[in-house]
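So you can see what is in the structure, the chains are spelled out below.
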Amino acid sequence: MQQGYDAIIIGGGHNGLTCAAYLAKGGEKVGKNKLKVLVLERREKVGGAAVSEEKYPGFIYSTCSYVCSLLRPEIFRFLDLPRHGLQVIPYDINSAPNPEGEGIIYYNDHDRTRESLRRHSIRDAEAYDEYAVEISRHCRFIKRMLLMTPPDPTQINPFVQNRINPWGHREDLDGLLRIAREFGQLGERHMYDMIRFWSMSVADFLDQYFETPRWKGLAAASSIIGTALGPYSPGTAYVLLHHYMGEVDGQIGAWGFARGGMGSVSKAIAAAAVEAGVEIRVDAEVDKIIVRNGKAVGVALKSGEEIYGRSIVSNADPKRTYLKLIDKGDLDAIDPDIHRYARNYKIRGSSGKLNIALDGLPEFAGLGKEAAYGTVDIGGDFDYIERAFDDYKYGSWSKRPFLDCVIPTTVDPTMAPPGKHFMSVFVQYVPYQLAEGPWTPEMKGQYEKDVLDTIELHAPGFRKLVLHVQCRTPWDIENEVGMTEGNIFHGELTLDQLLFNRPFPGMGQYRGPFDNFYMCGSGTHPGGGVMGAPGANAATEMLKDFKRGVVQ
Amino acid sequence: MTAYVEHLTPFLRKTPFHPRIEALMHGSHWMRWTGHYSPAAFESVQSEYFTIRNGASVYDVSPLIKYRIRGRQAADYVNHLITRDLSKIKPMHAFYTAWCQDDGMLVEEGTIFRFGENDFLLNSAKDQLHWLEQVAYGFEVEIQEASNELCGLSLQGPQSRDVLRAFGINGIDHLPRFGILELELQGRWLRIDRAGFTGDLGYEIWVKPDDALWLWDRLFEVGRDHKIAPIGAQALETARIEAGFILIDVDYSGALHALRPSNRMSPYELGIGWTVNLNKEGYFVGKRALKREKEQGLSRYVLTGIEIEGRKPAPGSFLYADRKGRRELGLTTSACWSPTLKKNIAFARVPSAYAKPGTEMWIEIWYHKEHKIERSMVRCRAANRMFYDPPRKSA
Ligand SMILES: Cc1cc2nc3c(=O)[nH]c(=O)nc-3n(C[C@H](O)[C@H](O)[C@H](O)COP(=O)(O)OP(=O)(O)OC[C@H]3O[C@@H](n4cnc5c(N)ncnc54)[C@H](O)[C@@H]3O)c2cc1C
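This structure is a prediction, so every number in the text was calculated from the model and none was measured.

Explain the overall build of chain A to me, please; I cannot follow it from the model alone.
Looking only at helices and strands, one finds 17 helices and 22 strands in chain A. At 23 Å, chain A has a C-alpha radius of gyration in line with the 24 Å of a compact globule built from 552 residues. A principal-axis box enclosing the C-alpha atoms of chain A has dimensions of 65 × 55 × 50 Å. The buried share of chain A, reckoned over its 552 residues, is 64%. The contacts in chain A between residues at least 6 apart in sequence include a share of 75% that link residues at least 24 apart. One way to put it: in chain A the 62 positive side-chain charges average out to a point 4 Å from where the 70 negative ones average out.

So this is what it looks like as C-alpha cells:
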C-alpha cells in the first residue's frame, strides 16, 4: 500500500499527461507548491491515441491520431514543449480526387484556390470568401471558450448553494456573462446565424453557399470524421467547426504534422511532466476507484495493488470510468441518475484506420502531384457519404467508405526511409460490432480490401506501392487504446453532450459525483482531439479546489 | 525531401496586355490583383505619378471583376441593389455608386455602366456574385460573371484627350464626364468611357481580348508625342488619395468580408453619403437602416480628409483631440505626401464633430529615421477629402 500522492491520474493519454504536468507545476510557470502527482497507464507506453509506433521495420506510424492543429498554443508555451522536442509543421493543401474528371483542390494561397474552384463553378468560387468568413467568425467565438471551464446556466443563482461547485458560486454567472458579452458583440444577424449553426446539418449549412456536389462533399469531410452521423444529420455543422477551431501559428483552421508522428506530442508532454516531478507508471491498469463515504480515496490496480491519494482523476472516457472503474453502488449512493447518464452516453465507434507503408508516393486521380502533400479526402458528394453512412447504420462497414488520407512523410524526414512513405488512412464509417456479431478475421480482411480498393480507384497504381498494412477497426482501437467502442472523441460531439453537459448534466466542470474525484479526458469540455485543453482545464479547476481546501 | 512547390502549376493569370507590360518590367515589381499579374511599378514611381498629372498614363484595368446584368427587370433590380437613384442615369452613362446590406453597411462601391434601359455592367474589386444573386430573388434578371470578356486600359491625365484625338476617336471632345462611347476603329470594336480613379481628366478604353495588343501598340504610337507612359499601382495610389477615392480593404472592409461586424461601415461613415438617395422611388437594400442613421445621427464616425503639418506620411496613425494625446479620436486609413499639392494628406476616421474642414486635431506619427523609429506629435486639420480637383476633370 502506497500513500502520499496529491493526485492520481488514471490514464496516460495526452490529456492525462497535460493534467499531471499542470498540477505538478501548480498551475504556475515556475511551481512553488508542487503537488505530488502519479500517472497510471495500463499500456506499456503513454500517449493513448497520440502515439507513434514502428509496426513495420523502418516505418513509424501515427497509429491513431495523425494530424495536429487543436493543441492549444497556451499549452505549448506553458509546458515548453518545443524544448521537449515537439515541432508541428503545417501543411497547405486539401483535395478530393475524382476518378471521372478533375478533382477538387484548395490551397493556402487564396487566389490559387479561387482559380481552382472557378474551374468547377464560378458561383462557388465567388461564395468561398463569404463562407470562410462565417466559419472564421464561429471559430473566433468558440476559441475563447476552449481553455475555460464551461459555465453551467443552472447554477447561476448567487444566493443559493451551488450544487456542483459550491466554492465558486459566482463563477458560473461570471462565465456566462463573459460569453454573453462576446455573443452580444456579434450583432443581431450573426447571433441568429450562430444559434442556427450549432444545430444544423452540414449539408443544410453548405447548401446555403455552394452548388458543386463534389466540392460540398469535400467541405463536409471534417463534419463527419469520428462521428456516427451522416452529412444530413443535424448537429454535424458543429463537428465541422471542431476541426476548424485549431490553429498553427495563429493561422486558424490550419493543420500540421508533428515531426516524428503524433507520439511526439505525448512524448513531449510526458517529458515536461516528468521534469515537473510527475511519476509515471506504465503497465499499471486501474481496476477500481476506491470510494469511501462519498469520497474518492484511491485506486485498486488489476495487480491487486492499492494506491491512495488526496484526489483521483480519470483520463479514461466517461463510459469506461463510470461503468467499469466505479461501482454502481457507490454511484447510486450519490444519485442513481448518474449511472443512467453513463449508460446512455453516446459514444458509438464509427471510424477505423489503415496505416500503410508505401514504396513511393501515390498519385491521385484528377489531381496534380502536389495533392499528396496535404490531406486527400476520398469520397464524393453528400450522397456518397450518406450511402457510406447507410451501410454503417445497418451494422456494416461502408463498402465505399469515406477516407481521410495524409502522407506525413512528404514533409517529415524522420518517419520512413528516404523515398518511402507512410500513409495514414482514416476510415469512416466502420462499426464497433457488425450486425452479424463481433468482428472476425475474414470480415476484417474484407473491410481492409474494400478500403484498399477504394483507394486504388482514386489513385490508380496505388496497390503496387503497398509494402505493409496495419488495419484497425473500432474494436481494435478500444482494445488497444482503451477508448470505449473506439470512439475517437471519447463521446460524440453533439450539442447534447457539449459544454456544461459534457460528459453528463451536472458534471460538466471536470468534477465527478464524489468529493476529490475529477475527469480530465476528451469526454470533458471542449472534447476530443489532440488538444490538451480538457487536461489543462481540469487541472485549473483542481488547483482551485486545492487552494480552497476543498481537497483534503 | 522535395517540397511540393515543384509540382505546382503556375496559376496567376496574365491579362491580354501582359506581353507588353512584361517587356517594360525592369525590376519585376509585380503584384497580384484578383489573381492576375499586375504592375506595382515599372521603374520610377515618381515619374509614373507625374505622368498621371502631367501627361497621359496607361494602367491595365483588365483584372477588375465584371458582372453583366440584363433582363426584363434589370433596371428595377439595379435600382433595388444600389443606393443611388438609377432613374437619373441615362443609357450610355457610367456612374459611381454604393451598394449595401440591409442594415445599411457597405458591401462595396464601384462603377456601374448603363448601356441600355435594361443592360448593365458592374465593376467590383471583390467577388459579388453570391450577393448579387441573393438580391436578385424575385426579379426577372440575369447576372453573369463577365470578367474575361473584355480587357481595358485606363488612360488618365491632362493629355489623355489629345491621345484619343490622335488615335482618331471621333466625338471624344464631346464625351461628357461619365459618358460612354462605342465605336469601330480599323474594323475593331471599342468602348470608351470617361471615368477613372485619379480625379483627373481621363478615360477607360475597353476592347475584346484579341485586340488588346493592337490597342496598346496604337495608343503608344500615337501617344508618344503626348507624354504617354505606363504606370503601376503605386503611382496610382497617390493619385487616388489626392482625389479622395476610398479603396476596399484599405479604407474599409466590405460587409460580406468583414470578420468583425463592427468593422463594417455605412456610406455615411465613409463620407460617400452623397451616393445615397433616400427619396428615390421604392425600396432599396439598406434604405430603412440608412434613413434611420441619417435622421437620428447614428453614424459612429466619418472618414474625412486631413492635412498634416510636416512631411512625414501618416498611414495607420492615431488622431487625438489634444497635443498630449489624452483623448483619442480615430485612425488614418490612407496617407501620402502629395507631390502636386505639396501637402501631407490622409484619410482619417473621426467623430463627425471633428470632420468640419479646418477643425484642429493632433496626430501621432511614427517614422523611420536611418535605423531608428521616431515619433512625433503634429497638428493636423480636417479637410475636404477631394484634395485635388482640377477643372479639366469635368471640362
Ligand atoms: C483512429 C483515430 C484517429 C484520430 N485522429 C485524430 C487527428 O488526426 N487529430 C486529432 O487532433 N485527434 C485525432 N483523434 C482523436 C484524439 O486522438 C483523441 O481524442 C485524443 O488523443 C484523446 O486523448 P485523451 O488523453 O483524452 O484520451 P486517450 O488518448 O484515450 O487516453 C486515455 C488513456 O487512458 C488509458 N486508460 C484507460 N483506462 C485505463 C485504466 N483503467 N487504467 C489505466 N489506464 C487506462 C488508456 O490506455 C489511454 O492511454 C483520433 C483518434 C483516433 C482513435
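Mind showing me how you'd approach the interface of chain B and chain A here?
When the parts come together, some accessible area is lost, and that loss is often what is quoted as the size of the interface. Counting residues at the interface gives 31 residues for chain B, matched by 34 residues for chain A. Here chain B packs against chain A, burying approximately 3000 Å² in sum over the two surfaces, 50% of which is carbon and sulfur. In this assembly, chain B and chain A are joined by seven salt bridges. Between R32 of chain B and D109 of chain A there is a salt bridge whose closest N-O contact spans 2.6 Å. For the interface between chain B and chain A, the tally reads 14 residue pairs in polar contact (both at pLDDT 80 or more). Of all the secondary structure elements, the ones that give two or more residues to the side of chain B that touches chain A are β4 (65-70) and α4 (129-135) of chain B. Considered class by class, the residues forming the side of chain B that touches chain A number 13 nonpolar, ten polar and eight charged.

Is there a simple way to think about unusual backbone geometry in this case?
Residue and element names in this part refer to chain A. For the bond from Q428 to Y429, the omega torsion is 15 degrees, close enough to zero to count as cis. Within the secondary structure, Y429 sits in the loop between β20 (421-428) and α15 (441-458). Residue P526 is bonded to the preceding H525 through a cis peptide linkage, with omega at 0 degrees. Relative to the assigned elements, P526 resides in the loop between β22 (517-519) and α17 (533-547). At H490, a residue that is not glycine, the phi angle is positive and equals roughly 60 degrees. Mapping H490 onto the fold places it in the loop between α16 (474-481) and β22. Exposure remark for H490: the relative accessible area of 8% places this residue in the buried category.

Looking at this model, I keep getting lost on the pairing of strand β3 (residues 56-60) of chain B. Mind explaining?
Successive residues of a regular strand alternate their side chains across the two faces of the sheet. All names here are of chain B. Among the five residues of β3, five are classified as buried, and the element is accordingly described as predominantly covered. Burial of the side chains of β3 extends over both faces: A56, V58 and D60 are buried on one face and S57 and Y59 on the other. One ladder, built from three bridges, connects β3 with strand β13 (residues 228-230); its direction is parallel. The residue bridging S57 from the neighbouring strand is A229, located in β13. Pairing geometry for β3 and strand β9 (residues 151-156), over four bridges, is antiparallel. Across the sheet, residue V58 finds its bridge partner in β9, namely L155.

Sorry, what's going on with the site of the ligand here?
All names here are of chain A. In the neighbourhood of the ligand, 36 residues make up the surrounding shell, with E41, I488, H490, S522 and V530 lying closest. A distance of 2.8 Å separates a nitrogen atom of the ligand from a polar backbone atom of V67. A distance of 2.7 Å separates an oxygen atom of the ligand from a polar atom in the backbone of I488. Look at the ligand: alone it shows 1000 Å² of surface, and the protein chains cover 98% of it. When residues of the shell around the ligand are traced back to their parent elements, those giving at least two are α1 (14-24), α11 (318-325) and α16. Taken together, the residues of the shell around the ligand sort by class into 18 nonpolar, 13 polar and five charged.

Help me out: how do you make sense of helix α2 (residues 45-54) of chain B in this one?
Along an α-helix, a turn takes 3.6 residues, which lines up residues three or four apart on a common side. For α2 of chain B, the set of buried residues is E48, Y49, T51, I52 and R53 of chain B. Where the residues of α2 of chain B are buried, they touch β2 (36-41), β3, β9, β13 and α7 (233-243) of chain B.

What exactly am I supposed to notice about the packing of helix α4 (residues 122-146) of chain A against helix α9 (residues 236-244) of chain A here?
For any two helices packed against each other, the geometry comes down to the angle between their axes and how far apart the axes lie. Residues and elements named next belong to chain A. At a closest axis distance of 10 Å, the pairing of α4 and α9 adopts a crossing angle of 75 degrees. If you check the angle between α4 and α9, you find them roughly perpendicular. Residues Y131, I135, H138, C139 and I142 of α4 form the contact with α9, whose participating residues are Y238, L240, L241 and Y244. Split by residue class, the contact of α4 with α9 holds eight nonpolar, one polar and no charged.

How should the sheet that holds strand β10 (residues 180-185) of chain B be read in this particular structure?
Sheets are built from strands that pair by backbone hydrogen bonding, the pairs being arranged parallel or antiparallel. Residues and elements named next belong to chain B. Taken in spatial order, the six strands make up an open sheet running β10-β11-β12-β9-β3-β13, and their pairing is mixed. Each edge of the open sheet is held by one strand with a lone partner, namely β10 and β13. Between one strand and the next, the sheet's axes are offset by a mean angle of 25 degrees, whatever the strand orientation. Bridge count between β10 and strand β11 (residues 188-193): six bridges; the pairing is antiparallel. Directly across from E182, in β11, lies its bridge partner R191.

When you look at the domain arrangement of chain B in this model, what are you seeing that I'm missing?
All names here are of chain B. By domain assignment, chain B separates into domain 1 (11-62 + 150-243), domain 2 (65-147 + 266-295) and domain 3 (301-385). Measuring from the centre of the C-alpha atoms in domain 1 to the corresponding centre in domain 2 gives 26 Å. The partner domain 2 presents 14 residues to the 13 residues of domain 1 that form the contact. Here domain 1 and domain 2 share an interface that buries about 1000 Å² over both sides, 64% of which is from carbon and sulfur atoms. At the boundary of domain 1 and domain 2, one finds zero salt bridges. Taken together, the links from domain 1 to domain 2 amount to three residue pairs in polar contact (both at pLDDT 80 or more). At the level of secondary structure, the elements contributing two or more residues to the side of domain 1 that touches domain 2 comprise β10, β11 and β12 (202-207). In terms of residue count, β10 provides more of the side of domain 1 that touches domain 2 than any other element does, three residues in total.

Calculation criteria
- Positions within a chain are numbered from 1, following the residues in the order the chain's sequence is written.
- Here every chain gets a letter starting at A, and every ligand a number starting at 1, in the order they are written.
- Predicted model: local features are reported for residues with pLDDT of at least 70 only, side-chain atom pairs are reported and counted for 80 or more only, and whole-chain, interface and lining totals are derived from all residues.
- Water and hydrogen atoms were dropped before computing side-chain values, which therefore reflect all heavy atoms in the structure.
- For helices the rule is a DSSP run of H or I covering at least 4 residues; for strands it is a run of E covering at least 2, with both sets numbered from the N terminus onward.
- C-alpha atoms define the radius of gyration, and 2.2 Å times the number of residues to the power 0.38 defines the globule rule.
- Note on classification: 1.4 Å probe, protein chains only; a residue is buried when its accessible area is under 20% of the maximum for its type, exposed when over 50%, partly exposed between these limits.
- Whether two residues touch is decided by their heavy atoms; if any such pair falls within 4.5 Å, the residues are in contact.
- None of His or the chain ends enter the tally, which takes Lys and Arg as positive and Asp and Glu as negative.
- Every charge is mapped to an atom, namely NZ of Lys, CZ of Arg, CG of Asp or CD of Glu.
- Buried area: the accessible surface (1.4 Å probe) lost by two parts on joining, summed over both.
- For salt bridges, the criterion is a side-chain nitrogen of Lys or Arg within 4 Å of an Asp or Glu carboxyl oxygen.
- We call two N or O atoms a polar contact when they sit within 3.5 Å, provided that within protein one can donate a hydrogen and the other can accept it, with sequence-adjacent residues counted only if both atoms are side-chain atoms.
- Note on residue categories: nonpolar means Ala, Val, Leu, Ile, Met, Phe, Trp, Tyr, Cys or Pro, charged means Asp, Glu, Lys or Arg, and polar means any other residue, Gly included.
- At least two bridges found by DSSP between two strands is the condition for calling them paired.
- Any residue with at least one heavy atom within 4 Å of a molecule or strand is counted as near it.
- What sets the accessible areas is the Shrake-Rupley method with a 1.4 Å probe; for residues, cover comes only from the shown protein chains.
- The convention used is that axes are lines fitted to C-alpha atoms, helices contributing only their stretch in contact, and that angles between N-to-C directions extend from 0 to 180 degrees.
- For classification, angles of less than 35 degrees are called roughly parallel, those exceeding 145 degrees roughly antiparallel, those between 65 and 115 degrees roughly perpendicular, and all remaining angles oblique.
- The domain boundaries here were taken from an automatic or database domain assignment.

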